[in-house]
Amino acid sequence: MSAPSKEETLLGILKDSAAKKYGEERAQVLEASLRDLARALARVESYPLEMEEEPSFGR
């Protein structure tokens with residue numbers, strides 16, 4: 001069995017957090033939105049930056 005993708009890992013974290021904060025039933029209702037959020041976070045994390053580029057918060 002292969003290791004979970006970054007998106008799957010993030011989705012698991014988000015679902016666990018939602019269940020703790022809002023309860024299991026509400027977390028299930030939010031699953032589609034959480035899946036979209038996990039996909040977006042995985043894309044942001046994998047976005048390549050050139051070595052000379054630095055985030056604005058690093059200045």
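Just above sits the structure.
Residues numbered from 1 in each chain as written. Predicted model: local features only at pLDDT ≥ 70, side-chain atom pairs only at ≥ 80, totals over all residues. Heavy atoms only, no water.

Visitor: What is the right way to look at the pattern of salt bridges in this model?
Guide: This model, assessed by the stated rule, comprises 5 salt bridges. Put simply, Arg-39 and Glu-7 hold a salt bridge, and the shortest N to O gap is 3.6 Å. Taken as a pair, Arg-39 in helix α3 (residues 31–46) and Glu-7 in helix α1 (residues 6–22) lie far apart in primary sequence, 32 residues in all. Owing to a relative accessible area of 31%, Arg-39 belongs among the partly exposed residues under this scheme. With a relative accessible area of 27%, Glu-7 lands in the partly exposed category. (Salt bridge = Lys/Arg side-chain N within 4 Å of Asp/Glu carboxyl O. Helix = DSSP H or I, 4+ residues; strand = E, 2+ residues; numbered from the N terminus. Buried < 20%, exposed > 50% of the residue type's maximum accessible area, 1.4 Å probe, protein only.)

Visitor: I keep staring at the packing of α1 against α3 and nothing clicks. Help me out?
Guide: If you want to describe how two helices pack, look at the angle between their axes and the distance between the axes. Running from N to C, α1 and α3 point in directions that differ by 135°, and their axes come no closer than 8 Å. As the angle between them shows, α1 and α3 are arranged oblique. Helix-helix and strand crossings are classified by hand; for α1 and α3 the assignment is right-handed. For the pair formed by α1 and α3, the contact residues are Lys-6, Glu-7, Leu-10, Leu-11, Leu-14, Lys-15 and Ala-18 on the first element and Glu-31, Leu-34, Arg-35, Leu-37, Ala-38, Arg-39, Leu-41, Ala-42 and Glu-45 on the second. (Axes fitted to C-alpha atoms, helices over the stretch in contact; angles between N-to-C directions. Parallel < 35°, antiparallel > 145°, perpendicular 65-115°, else oblique. Left-handed = near helix turned anticlockwise from the far one by under 90°. Contact = heavy atoms within 4.5 Å.)

Visitor: Can you help me understand the nonpolar core in this one?
Guide: Counting 8 residues, the largest nonpolar core is built from Leu-10, Leu-11, Leu-14, Ala-18, Ala-27, Leu-34, Ala-38 and Ala-42. Elements supplying a minimum of two residues to this core: α1 and α3. The contact partners of Ala-38, leaving out residues within four places of it in the chain, are Glu-7, Leu-10, Leu-11 and Leu-14. (Core = buried A, V, L, I, M, F, W, Y, C linked by side-chain atoms within 4.5 Å.)

Visitor: Help me understand the environment of Leu-11 in this model?
Guide: Relative to the helices and strands, Leu-11 is located in helix α1. C-alpha of Leu-11 to C-alpha of Leu-37: the two residues are 26 residues apart in sequence and 8.0 Å apart in space. Dropping the residues within four chain positions of it, Leu-11 is found in contact with Leu-34, Arg-35 and Ala-38.

Visitor: What exactly am I supposed to notice about the environment of Leu-37 here?
Guide: Checked against the element boundaries, Leu-37 lands in helix α3. Judged by its relative accessible area of 39%, Leu-37 is partly exposed.

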